[in-house]
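Structural characterization, general
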Amino acid sequence: MSTTAILSNDNRFTSFEYDGIKIRFVTPKCLEKYTRVLEWDNGYIVVTALYNGIETEEYIDLISVLQNLCIEPEEF
């Protein structure tokens, strides 16, 4: 089991990869990149992101993404 998680974005999609599982979800066109991961706790990620040249704090709830994909969060 890998202990490294990867969060990235490409075009209109964000990708999150952990332990060999990769999920992608749509993000706004104005998202340029994620600049820092501030916190990752129980499927909830707090990051700073660059939107049209402005850095802001962003919240990603992976639990709801996983549930929409019919994946139990405990399995992830």
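Use the structure listed above.
Residues numbered from 1 in each chain as written. Predicted model: local features only at pLDDT ≥ 70, side-chain atom pairs only at ≥ 80, totals over all residues. Heavy atoms only, no water.

The next subject is the overall build of the chain. For the chain, the helix and strand inventory stands at one helix and six strands. Burial analysis of the chain (76 residues in total) assigns 29% to the buried set. A sequence separation of at least 24 residues applies to 17% of the contacts in the chain between residues at least 6 apart. Accessible surface, the chain: about 5200 Å² in total, of which carbon and sulfur atoms supply 47%. (Helix = DSSP H or I, 4+ residues; strand = E, 2+ residues; numbered from the N terminus. Buried < 20%, exposed > 50% of the residue type's maximum accessible area, 1.4 Å probe, protein only. Contact = heavy atoms within 4.5 Å. Areas by Shrake-Rupley, 256 points an atom, 1.4 Å probe, with all protein chains shown as cover.)

Mapped onto the elements, Leu 38 comes out in strand β4 (residues 31-41). Leu 38 sits 21 residues away from Tyr 59 along the chain, and the two C-alpha atoms are 9.9 Å apart. If we skip the residues at most four places from it in the chain, Leu 38 touches Val 46, Val 47, Thr 48 and Glu 57.

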